[in-house]
Every structure is written in C-alpha cells, then in structure tokens.
Amino acid sequence: MSPKHQTCVVAAAIVDRLDRPARLLAARRTAPPALAGQWELPGGKTEPGEAPADALLRELREELGVRVRLGAQITGPLDGHWPLASALTLRLWWAEIVDGEPMPLQDHDQIRWLEAGRWLDVAWIPADRTAVSEMVRRAGGP
Ligand code: 523
C-alpha cells in the first residue's frame, strides 16, 4: 500500500468565519468509553483509497450534517501532523460551514460553539487540547 492509502485521522477546526475566526466548534464524544465525555475537533479515519480532505468532508456530513469549505491545514510537529494517543496521527484543517446547521447526529451527544478567548474551556481530548492551545498561541492568544 502506498503511503497515501494509509489510514490517517482527519479533523476540522470549524470556525464561524475563515478570514477572522472568533467561534470554534467543539463536539463531545460518546465512544469509546476511554474518550466518552471528552471534547474533540470533529472528524474521523480515512477509508482505504480515500483522500484525506474527502474523508473529512464525508465525516462532517455524517456526524454533524453540514457541508464545509476547508481552509488552510493547521500544521503539527510530526511532518505537519499532530500526535495521537494511538499509533495514528491527526491532520487538521480550518473549516467554515457553507450549508446546514451542525447537530450531533453520530458519535457525539453535544456540540458547543466556543467564543473567542474561551477555546480551551472544554475538557478536550489531550491530543486536541495540544492542537487548540497551539492554534490560540499562533493567533496571538485569547
Ligand atoms: N481522535 C482524536 N481527536 C480527534 C479525532 C477526530 C480523533 O484524538 N479530533 C482519535 C480518537 C480515536 C481515533 O482518533 O482514537 C480515530 O477517531 P474516530 O474514532 O473518530 O474515527 P472513526 O469514527 O472514523 O473510527 P471508526 O469508528 O473506527 O471507523
């Protein structure tokens, strides 16, 4: 299998507007037990042969019922990816909703828009907290 067909995890930092983000969408997981109740940037695993950006659009449609426009990738320290607790790594993009109202349809029991200055106010999964902290730091802090 070529590297581009390897599974990776993709997620989105969905903000109210890509050009001047103020609010960030967080989603609370229902499974597995070790992650249930913790908040994440929504997303999931790529399927075999699926391009990462396509996987992300699919996951957001399935999980939240929204269509999004992807912005820039938010690069992490591992070749642009972010470390996860598992052997997998996470690729992250900025995103803006272009159609639909986000609802927790699958895998989540709550979603929440975090206001500017409050992006660290939920119990993020540790991997996501690292990324969100860095996003805040790069933006010059809350
Ligand atoms: N994370 C994570 N943060 C984050 C996501 C989207 C995923 O730490 N923002 C972790 C959680 C899981 C793994 O990445 O350990 C896979 O994500 P998951 O379960 O959301 O992917 P699915 O739903 O595509 O996985 P399957 O149900 O196994 O298909």
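Look up: the structure comes first, before these words.
Presented here is an overview of the structure given in this document.

Reading the values: rules and limits
Residues numbered from 1 in each chain as written. Predicted model: local features only at pLDDT ≥ 70, side-chain atom pairs only at ≥ 80, totals over all residues. Heavy atoms only, no water. Helix = DSSP H or I, 4+ residues; strand = E, 2+ residues; numbered from the N terminus. Buried < 20%, exposed > 50% of the residue type's maximum accessible area, 1.4 Å probe, protein only.

### Concerning unusual backbone geometry
- With omega at -15°, the peptide bond leading from Ala31 into Pro32 counts as cis.
- Secondary-structure assignment places Pro32 in the loop between β2 (24-29) and β3 (39-40).
- Of note in the backbone geometry, Asp79 takes a positive phi value of approximately 55° without being a glycine.
- In this structure, Asp79 sits in the loop between β5 (67-74) and β6 (82-83).
- Looking at Asp79, the relative accessible area reads 77%, which means it is exposed.
- With a phi close to 75°, Asp107 is a non-glycine residue in the positive phi region.
- With respect to the secondary-structure elements, Asp107 resides in the loop between β7 (89-99) and β8 (108-114).
- A relative accessible area of 38% places Asp107 in the partly exposed class.

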